[in-house]
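Chains, contacts and geometry: an overview
Chain by chain, the residues run as shown.
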Amino acid sequence: MSDSLREVSRQTSMLVSRARGWMGSAWDVRISSGATRADRLRALIDEFAALGREAGSGAPSGARPPRISDHALPDQLVVLADDFFAAAAAGSGPGVPLPQPEVTRLLARAGAAVGAARADLDTPGFGFRPF
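Presented here is an overview of the structure given in this document. (Residues numbered from 1 in each chain as written. Predicted model: local features only at pLDDT ≥ 70, side-chain atom pairs only at ≥ 80, totals over all residues. Heavy atoms only, no water.)

Further remarks concern the pattern of salt bridges. Going through the model one piece at a time under the given rule, you end up with twelve salt bridges. Across the salt bridge formed by D120 and R40, the nearest N and O atoms sit 2.5 Å from each other. Of this pair, D120 sits in helix α4 (residues 100-121) while R40 sits in helix α2 (residues 37-55), and the two are 80 residues apart along the sequence. Residue class for R40 comes out buried when judged on its relative accessible area of 14%. When the shortest N-O distance is used, the salt bridge between D46 and R64 registers 2.3 Å. Of this pair, D46 sits in helix α2 while R64 is found in the loop between α2 and α3 (73-90), placing the two residues 18 residues apart along the sequence. The partly exposed category is assigned to D46, whose relative accessible area is 26%. (Salt bridge = Lys/Arg side-chain N within 4 Å of Asp/Glu carboxyl O. Helix = DSSP H or I, 4+ residues; strand = E, 2+ residues; numbered from the N terminus. Buried < 20%, exposed > 50% of the residue type's maximum accessible area, 1.4 Å probe, protein only.)

Take the environment of D28 next. Mapped onto the fold, D28 is located in the loop between α1 (3-19) and α2. Look at D28 and you get partly exposed, because its relative accessible area is 48%. Sequence separation between D28 and D39 is eleven residues; the distance between their C-alpha atoms is 8.6 Å. Look past the residues within four positions of D28 in its chain and what remains in contact with it is T36 and D70. (Contact = heavy atoms within 4.5 Å.)

Laid out in C-alpha cells, this is it:
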C-alpha cells in the first residue's frame, strides 16, 4: 500500500469515526455551503463511487449508490471507499492495468475530496465541543 493511499484511507477513517457519532437531527445541521451534513457526506460517497469506477472496481458506468438513511451513510462511505482503495492498490482497470500516473491522479483526487469534506464538516458541532 502506497503512502498516499494509506493517508487518504486514514483521513477517510477519521471522517467516518466522527460521522458515526451523529444522531437524529445532527444529520440536518447546515454547513457553510447551506447543505446538510447528510448532503455533504452523500456528495463524498458519490465521488468515491466515481473514483472506484475509474480505478476499476467493476461498478457499471453511470451507477450511483442508492439513497439510504442518514445514519447508514458512514457505512456506505466505508464500502465505497474500500472498493476504491482495493482497486487503486491493485492498480488495475477493467482487464487492463492502470498506469501508475493514473493511480496517483485518482489518489490525489480522493485525497482532495476527503480533505474538502473534512474542511466543510470540521466545525465545533462535527466532533468537538465548543469552549
